[in-house]
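Reading the structure
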Amino acid sequence: MISYLIYSTICMGFVLLFYHFVLAREKTYQTNRWYLLGGLLFSLIVPFMPFGISDSLLTFSGNTEVPQILSEVIESPNSETASQFHANSTRNSSVSHTSYFEWLTPFLLYCYGIVTLLLSFRMIRQLYRMQRKSMKNPAISFKGHKVVLVGEEVVPHTFWKTIFVNQEQYKNHEISEEVMVHELIHAEQNHSFDVLIIEILKTILWFNPVLYFYKTVIQVNHEYIADDKVLSNGADIVDYQTLLLKMRAGKSAHYLSTGLNFNITKKRFKMMTLQSSRARSSFKIALIVPFFLILGITFGCEPANIEDDNLTDSISLELVDSETIKLNGKTVSSSKFEAAFSDLIIDPKRTIIDLKVHKNTTMGLVTDVQEILRENGTLKINYTTVEPNDAEAKEVWRSKLKSRNILDLQINEEAEVIVNQDVTSLSSLSKLVKKFITNNGEAAGLSENPEKAIIAIKTVKRTPHDTYISAIDKILGVYDELRNQASMELFDKPYKALEEGSEKRNKIKNLYPKRISITDPSRS
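About the criteria used
Residues numbered from 1 in each chain as written. Predicted model: local features only at pLDDT ≥ 70, side-chain atom pairs only at ≥ 80, totals over all residues. Heavy atoms only, no water. Patch = residues over 30% accessible without salt bridge, like charges linked within 9 Å, V, L, I, M, F, W, Y side chains within 5 Å. Areas by Shrake-Rupley, 256 points an atom, 1.4 Å probe, with all protein chains shown as cover. Salt bridge = Lys/Arg side-chain N within 4 Å of Asp/Glu carboxyl O. Lys, Arg positive; Asp, Glu negative; His and termini not counted. Charge placed at Lys NZ, Arg CZ, Asp CG, Glu CD. Helix = DSSP H or I, 4+ residues; strand = E, 2+ residues; numbered from the N terminus. Buried < 20%, exposed > 50% of the residue type's maximum accessible area, 1.4 Å probe, protein only. Pairing = 2+ DSSP bridges. Axes fitted to C-alpha atoms, helices over the stretch in contact; angles between N-to-C directions. Parallel < 35°, antiparallel > 145°, perpendicular 65-115°, else oblique. Left-handed = near helix turned anticlockwise from the far one by under 90°. Contact = heavy atoms within 4.5 Å. Nonpolar A, V, L, I, M, F, W, Y, C, P; charged D, E, K, R; others polar. Phe/Tyr/Trp six-rings, centres within 6.5 Å; stacked < 30°, edge-to-face > 60°. pLDDT = per-residue confidence, 0-100. Expected span 1.5 Å × (residues − 1). Core = buried A, V, L, I, M, F, W, Y, C linked by side-chain atoms within 4.5 Å. Polar contact = N/O pair within 3.5 Å; in protein donor to acceptor, adjacent residues only side chain to side chain.

1. Thoughts on a positive patch on the surface
Judged by side-chain charge, Arg25, Lys266, Lys267 and Lys270 come together as a positively charged surface patch. Its place among the elements puts Arg25 in the loop between helix 1 (2-23) and helix 2 (29-45). With a relative accessible area of 49%, Arg25 lands in the partly exposed category.

As structure tokens, then:
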């Protein structure tokens, strides 16, 4: 999402720069209008266009496909705490990094929501006020368009198809024909549509600075169009400019409307007398097409494909069991894997790791291997699971269990955590898992007891690896907390203080067995 916003904003900035240096000094006002609107739409969609030189924005480079491990009960001897899933050298920084983003992301989303809500309320309120002003004040007709006579002192302005003028000025004939024609052009050409589009985008993307410049440019071009039409109808340039200067001191129009006195500058007056060359204007207009092609190639995304032709190097990696790893067909021990993998000369951008995980592989080994791969910059990983040949056997444990004893947890490619089909956040995952495990048959939809509770984790091809690891950390953290609490109550000792293999330790483990399944065992 952040990459999309950056690419879109930069592209929008280039659209404005092209307008400023190429089109702004030409009297091709209608063409300029459609260029600005088209460029705005183009900037919003170009990061999703399936061509270009940049990486796909729909899948971030840090995302990897998570392993699909078929196991009825995963109990790693090295997983007493969630942090032990990571290499010792990165353990503290990883936990700190996860904790930092756990509160930062919700906080930023909360701030964004508040500001967006306020801006939305402001826009709706102003739309209502314009509608109310149009209905409660007297109105006349001018060349087929409604003219509302308001009591407040404002300069003539237009919103949608309606023109608003001061009632007293109109009755005293202080509003000239040229002014009415000027506003009529805004109404006939639906200039309010352009303004509403940019205001809606500013409400949603209020943090995008380019949009504020974009609105000014669009409105200035609207004034050029209206001025040009008035002068083409035979109005005297000097008299018209004098009239605009008189209107300059009036109260500004509503921010959703187009007002006569918007941006009265020397440049606007200069554009009225500018002599344009048709050949030069045609040439500049012809540059628009190649300019957009260049933007498309620059900011369009290269389709993300893990089997891209450029990724020609492949490394075979097979996790056979808790101690055995096969690297390119050669058997190495888990303790020597890091050194053996580091000896390989690879280009992470051109290499795919074909990782096969056998059923008996412990979760601790899988996580340790993933950490080593990440440290070596290898992010293109093709995971597969070596499962039993008997397809029916894969469904045995789920079919024999009550659905209430299975907590289905899915993590999709957008890093959304879905628990029993309800989207939740990582920050609330621990609470949900703890409530499920310790239900003891009270709530109908939760587990009968901790011994029967199973956490079934599903991922998709491009589930973000960091989200996956964080979810595992939180689940194991709940089990560690419950075991430690039970150990203190029964033996007045922390769970870690109990001797490995002792009767007391085994009793606690049996009270809260870590029954975690990575991917649905019924998956074919």
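2. So, the sheet that holds strand 11 (residues 406-411)
The mixed open sheet is built from five strands, whose spatial order is 13-12-11-14-15. At either end of the open sheet lies a strand with only one pairing partner, and these are strand 13 (422-424) and strand 15 (516-518). With strand direction ignored, the average angle separating the axes of adjacent strands in the sheet is 25°. Taken together, the three bridges between strand 11 and strand 12 (residues 417-419) define a ladder with antiparallel strand orientation. What sits directly across from Gln410, in strand 12, is Ile418.

3. What about a nonpolar patch on the surface?
Together, Ile2, Ile6, Ile10, Phe14, Leu17 and Phe21 give the surface a local cluster of nonpolar side chains, amounting to about 610 Å² of exposed area. Mapping Leu17 onto the fold places it in helix 1.

4. Re the packing of helix 2 against helix 6 (residues 191-204)
As a packed pair, helix 2 and helix 6 sit with axes 12 Å apart at the nearest point and diverge in direction by 25°. Put simply, helix 2 runs roughly parallel to helix 6. As for the relative orientation of helix 2 and helix 6, their crossing is left-handed in sense. For the pair helix 2 and helix 6, contact is made by Arg33, Leu37, Leu40 and Leu44 and by His191, Asp194, Ile197, Ile198 and Leu201, respectively. Here the contact of helix 2 with helix 6 is composed, by residue class, of six nonpolar, one polar and two charged.

5. Some details on the packing of helix 2 against helix 7 (residues 209-232)
Here helix 2 crosses helix 7 at 160°, and the two axes come no closer than 9 Å. When the axes of helix 2 and helix 7 are compared, the pair comes out roughly antiparallel. As for the relative orientation of helix 2 and helix 7, their crossing is left-handed in sense. Together, Tyr29, Gln30, Asn32, Arg33, Leu36, Leu37, Gly39 and Leu40 of helix 2 and Leu211, Tyr214, Val217, Ile218, Asn221, His222, Tyr224, Ile225 and Asp228 of helix 7 make up the contact between the two elements. Per-class residue counts for the contact of helix 2 with helix 7 are 10 nonpolar, five polar and two charged.

6. Observations regarding the packing of aromatic side chains
Following the criterion strictly, the structure yields 13 aromatic pairs and no others. Ring geometry for Tyr112 versus Trp206: centroids 6.0 Å apart, planes at 20°, classification stacked. Of this pair, Tyr112 sits in helix 3 (residues 91-136) while Trp206 is found in the loop between helix 6 and helix 7, placing the two residues 94 residues apart along the sequence. You can call Tyr112 partly exposed: its relative accessible area is 30%. Trp206 sits in the partly exposed class, given a relative accessible area of 23%. An aromatic cluster of at least three residues, connected via ring pairs, comprises Phe18, Tyr35, Phe42, Phe291 and Phe292.

7. Describing the environment of Ile285
One can find Ile285 in helix 10 (residues 278-286). Taking relative accessible area as the criterion, Ile285 reaches 29% and is therefore assigned partly exposed. Through-space distance from the C-alpha of Ile285 to that of Tyr35 is 9.3 Å; in sequence the pair is 250 residues apart. Setting aside residues no more than four positions away along its own chain, Ile285 makes contact with Thr28 and Thr31.

8. Here's the deal with the confidence of the model for the chain
Averaged over every residue, the pLDDT of the chain is 79; residues scoring 70 or more account for 78%. Per-residue pLDDT, averaged within each element of the chain, yields its smallest value for helix 14 (residues 396-399) (52) and its largest for helix 2 (93). In the model, residues 55-99 has pLDDT below 50 throughout and makes 120 contacts with residues more than four positions away in sequence or in other chains. Within the model, the stretch residues 520-524 combines pLDDT values under 50 with 15 contacts to residues more than four positions away or in other chains.

9. Some points on helix 5 (residues 177-188)
End to end, helix 5 covers 16 Å across 12 residues, agreeing with the expected 16 Å (1.5 Å per residue, within 8%). Counting buried residues along helix 5, nine of its 12 residues qualify, which places the element largely inside the surrounding structure. Backbone geometry just after helix 5 places Asn190 at a positive phi near 55°.

10. Some remarks on the pairing of strand 11
Taken together, the six bridges between strand 11 and strand 14 (residues 454-459) define a ladder with parallel strand orientation. In the strand pairing of strand 14, Ile406 is matched with Ile454. Taken together, strand 11 and the strand that follows it, strand 12, pair antiparallel across an intervening segment of five residues, in which Ala415 is found at a positive phi of about 70°.

11. A short note on the nonpolar core
Within the largest apolar cluster, 31 residues are counted, with the highest numbers of intra-cluster contacts made by Leu409, Leu429, Val433, Ile437, Ile455, Ile457 and Ile475. No other element matches helix 16 (residues 465-491), which puts 11 residues into this core. Counting 30 residues, the second-largest nonpolar core is a separate cluster that includes Tyr4, Leu37, Met49 and Ile218.

12. Topic: the pattern of salt bridges
Under the criterion given, the structure shown has 12 salt bridges. The salt bridge involving Glu177 is made with Lys143; its shortest N-O contact spans 3.7 Å. Separated by 34 residues along the polypeptide, Glu177 in helix 5 and Lys143 in the loop between strand 1 (139-142) and strand 2 (145-150) bring together distant segments of the chain. Through salt bridges with shared partners, one network takes in Glu26, Arg280 and Lys284.

13. Looking at the environment of Ile469
For Ile469, the position within the fold is in helix 16. Given a relative accessible area of 8%, Ile469 falls into the buried group. When the C-alpha positions of Ile469 and Thr367 are compared, they lie 8.3 Å apart, and in sequence the two are 102 residues distant.

14. Description of the environment of Thr9
Topologically, Thr9 is positioned in helix 1. Along the chain, Thr9 and Asn208 lie 199 residues apart, while their C-alpha atoms are 6.9 Å from each other. With near-sequence residues (within four places) excluded, Thr9 lies in contact with Asn208 and Val210. Within polar-contact distance, the side chain of Thr9 engages the backbone oxygen of Leu5 at 2.7 Å.

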